[in-house]
Amino acid sequence: MYRNLSLKKKKFIDPRWLFAVGLIISALVTYSEVAHLCNPDFEILRTTTVGFWHGSVPYGEKGEGLFLYGPLFSIIFTPFAFLPAGIAPYLWNIFNFCFFFLSIFALPDYVKTEQKCRFFLFLLPLAAVSQLSFRFDTTTVYLALFAFSLMERGFYKCGITVILVSAFSGVYGIFQLITLLFYPKFWKNLGFAVAVAAVFSATPLLGFSFSDFAGYYQSWYAAVWTCEMTQPFFTVFNLKPFFHELPVWRASARAISCAALVILILMRKNRFSFFAFRAGVTGVLMGWAVLFGMVSDISTYLIALAGFMLWYYGKNSATAADRVVLWCNFFILSVIPIDILFSNTVQDFLFYTVTLNVWIFAVTWLWMLAYSFFGSKRDLFSQHSYHLPL
C-alpha cells in the first residue's frame, strides 16, 4: 500500500507529467476562446502588430486601454500576427506555456525538482486565466525567471538582455535591473545594460520615421496613464477603504519606495553571497512592480505570485506561518479568479469592493520584505550558501 502511494506521489511530481497536463490546459483554454469566436484580445494584438509595420501607432484613440505593450512586443509578436487566424492563438499560448514551464525548471539546482513542480502547480491556475485573454503575464514571468537563472549562472550579458526584453515589451521587468547590485562586475554590466537599452529603445524606427519616434513613446505613456485613470486596477493606490480615487502623490510614492528598496539592498551587502537573499529580493522586486504598478489587474498578479514562490523556495526552510501565507495566496489570487469556480458576483465583491487580493498580497509582500532584510541571518542562511561565479 505504502509502495503504491509512493509511486503515485512520484508520478504526481514528475515534470513530464506536469508538462503534459499544463499543455492540455493551455490548448483547452485557447480552444474555449477560439471556438466561440470570443478572442478579441488576440485580434487586438494582431491588428496593432500589423499596424506597427505600416507606421500606425497602436495607442491613442483606438488603442487606449486595450494595447499597452512596448515597441519590442510588436516585434516579438510579428510571427504570430501573420500566421493563419485558426492556428495563431494556439501557437501563441502554447509557445508561452512551454517557456513558462521551462523557466521554472531551469531555476538553479538549489531549488529541488519537487519544489519546482509545486512552484509550477501553484502558478498554473492563474496562468490559465492569463492565457484565456492571451496576456503577456506568463511571458513576463518566464523572462524574469530566465534572467534570474542566467545571472545566477554567471551569464550576465544574456541575463541583462532578457531583463531588457521584458522592460521594452511590458515594463514590469525593468526593476529587475536593481539585482545587478548582487553580481560581480557591476559597472561593466550596467554599461552593457545602457547600451542594450539604447538599441531596444530605437525599435520603433523599424516601423516609423525618426520624426515620429518621440511621439511613439509619448503615445505609449499617455495610453498607460489614461488607462490607469479610467479603469479599476489592483495596486496599493486602489486599496479599499483607504482610497476611493487615485492619490495624486502615487508617482512620488513609487519613486520613494523604489529608492528605499535600493538603500535596503545596499545596507545588506554582506548577504549578497547567499542564494536565499538574492532569490528573496528578486521576489520582493517582482511583487513591488505589481503592487506599485500603474495597470496591475487580476492576471498581473501571476508576476507577484512567481516572485513569492521564488522567495518561498529560495529559503532554507518554511515556517508554519509561511505555509499559511502560501495557501492564502494560492486560494485568493490563483483559485478565486477562475470563473467556472466562482461567480462574477463573488469575484467583484472580493476584488473590486473589498480589494481582498491587494490586501492579501500587500501583507505577503511586507512579510517577504521583513524576512529578507531584517530576519536573522543565522536562521535564514546558515544551511546553504550558493556562491556566485566570479
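Summarised in this report is the structure supplied together with it. Keep in mind the model is a prediction, meaning the values are calculated, not measured.

As for the overall build of the chain
Item 1. When helices and strands are tallied, the chain shows 18 helices and zero strands.
Item 2. The C-alpha atoms of the chain give 21 Å as radius of gyration, which agrees with the globular expectation for 390 residues (21 Å, within 12%).
Item 3. Across its three principal axes, the chain shows a C-alpha extent of roughly 55 × 55 × 45 Å.
Item 4. Among the 390 residues that make up the chain, the fraction classed as buried is 52%.

What about the environment of Q115?
Item 1. Looking at the secondary structure, you find Q115 in helix α7 (residues 113-132).
Item 2. Here Q115 falls in the partly exposed class, since its relative accessible area comes to 22%.
Item 3. Here the alpha-carbon distance between Q115 and M309, two residues 194 residues apart in the chain, equals 9.5 Å.
Item 4. Setting aside chain neighbours within four positions, we find Q115 in contact with Y110 and Y313.

Some details on unusual backbone geometry
Item 1. With an omega of 10°, the peptide bond running from K240 to P241 counts as cis.
Item 2. Even without a glycine there, the phi angle at K185 is positive, about 60°.

Side note on helix α12 (residues 250-267)
Item 1. Relative to the 26 Å expected for 18 residues at 1.5 Å per residue, α12 spans 25 Å between its end C-alpha atoms, a close match to the ideal helical length.
Item 2. Within α12 the residues assigned to the buried category are R250, A253, R254, S257, C258, L261, L264 and I265. Viewed end-on, α12 has its buried residues packed into an arc of 125°, placing them on one side of the element. Within α12, the exposed residues directed more than 90 degrees away from the buried face are A251, I256 and M267.
Item 3. Tucked into the core, α12 has its buried residues touching α11 (213-230), α13 (275-291) and α17 (356-374).

Quick word on the side chain of K315
Item 1. Mapped onto the secondary structure, K315 falls in the loop between α14 (301-314) and α15 (320-335).
Item 2. In this structure K315 comes out as buried when scored by relative accessible area, which is 8%.
Item 3. Those residues in contact with K315 that sit more than four places away from it in its chain are Y110, A276, D322 and Y371.

Brief notes about a nonpolar patch on the surface
Item 1. On the surface, a cluster of nonpolar side chains totalling about 330 Å² of accessible area is made up of W53, F82 and L206.
Item 2. Tracing the backbone through its elements, the reader meets F82 in the loop between α5 (71-81) and α6 (88-105).
Item 3. When its relative accessible area of 51% is taken as the criterion, F82 is described as exposed.

Some details on the nonpolar core
Item 1. Judged by nonpolar contacts, the single largest core of 120 residues is most densely connected at L123, Y301 and F308.
Item 2. Leaving out residues up to four positions away in the same chain, L123 has contacts with F100, I104, L302, L305, A306, M309 and S334.

What about the side chain of T30?
Item 1. With respect to the helices and strands, T30 occurs in helix α2 (residues 15-34).
Item 2. Overall, the relative accessible area of 0% leaves T30 in the buried class.
Item 3. Side-chain polar atoms of T30 contact the backbone oxygen of S26, separated by 2.8 Å.
Item 4. Non-local contacts of T30, meaning those with residues more than four positions away in its chain, are made with P89, Y90, N93 and F134.

What to know about the packing of helix α3 (residues 40-52) against α5
Item 1. One way to put it is that α3 packs onto α5 with a least axis distance of 9 Å and a crossing angle of 105°. On the basis of their axis angle, the class for α3 and α5 is roughly perpendicular. Residues F42, L45, R46, T49, V50 and F52 of α3 pack against P71, F73, S74, I75, F77, T78, F80 and A81 of α5.
Item 2. Each residue belonging to the contact of α3 with α5 can be placed in one class, and the counts come to 10 nonpolar, three polar and one charged.

A word on the pattern of salt bridges
Item 1. Tallied over the full model, the rule gives seven salt bridges.
Item 2. Of the charged contacts in the structure, one is a salt bridge between R118 and E114, with a shortest N-O distance of 2.5 Å. Of this pair, R118 and E114 both sit in helix α7, separated by four residues, roughly a single helical turn.
Item 3. As a salt-bridge pair, R278 and E152 come within 2.7 Å of each other at their nearest N and O atoms. Here R278 is found in helix α13, whereas its partner E152 is found in helix α8 (residues 137-152), with 126 residues between them in sequence. Residue R278 shares its accessibility class with E152, and that shared class is buried.
Item 4. Three or more residues are tied together by salt bridges with common partners; here these are R135, D137 and D297.

The rules behind the values
- Residues numbered from 1 in each chain as written.
- Predicted model: local features only at pLDDT ≥ 70, side-chain atom pairs only at ≥ 80, totals over all residues.
- Heavy atoms only, no water.
- Helix = DSSP H or I, 4+ residues; strand = E, 2+ residues; numbered from the N terminus.
- Rg over C-alpha atoms; globule rule 2.2 N^0.38 Å.
- Buried < 20%, exposed > 50% of the residue type's maximum accessible area, 1.4 Å probe, protein only.
- Contact = heavy atoms within 4.5 Å.
- Expected span 1.5 Å × (residues − 1).
- Arc of directions from axis to C-beta.
- Patch = residues over 30% accessible without salt bridge, like charges linked within 9 Å, V, L, I, M, F, W, Y side chains within 5 Å.
- Areas by Shrake-Rupley, 256 points an atom, 1.4 Å probe, with all protein chains shown as cover.
- Salt bridge = Lys/Arg side-chain N within 4 Å of Asp/Glu carboxyl O.
- Core = buried A, V, L, I, M, F, W, Y, C linked by side-chain atoms within 4.5 Å.
- Polar contact = N/O pair within 3.5 Å; in protein donor to acceptor, adjacent residues only side chain to side chain.
- Axes fitted to C-alpha atoms, helices over the stretch in contact; angles between N-to-C directions.
- Parallel < 35°, antiparallel > 145°, perpendicular 65-115°, else oblique.
- Nonpolar A, V, L, I, M, F, W, Y, C, P; charged D, E, K, R; others polar.

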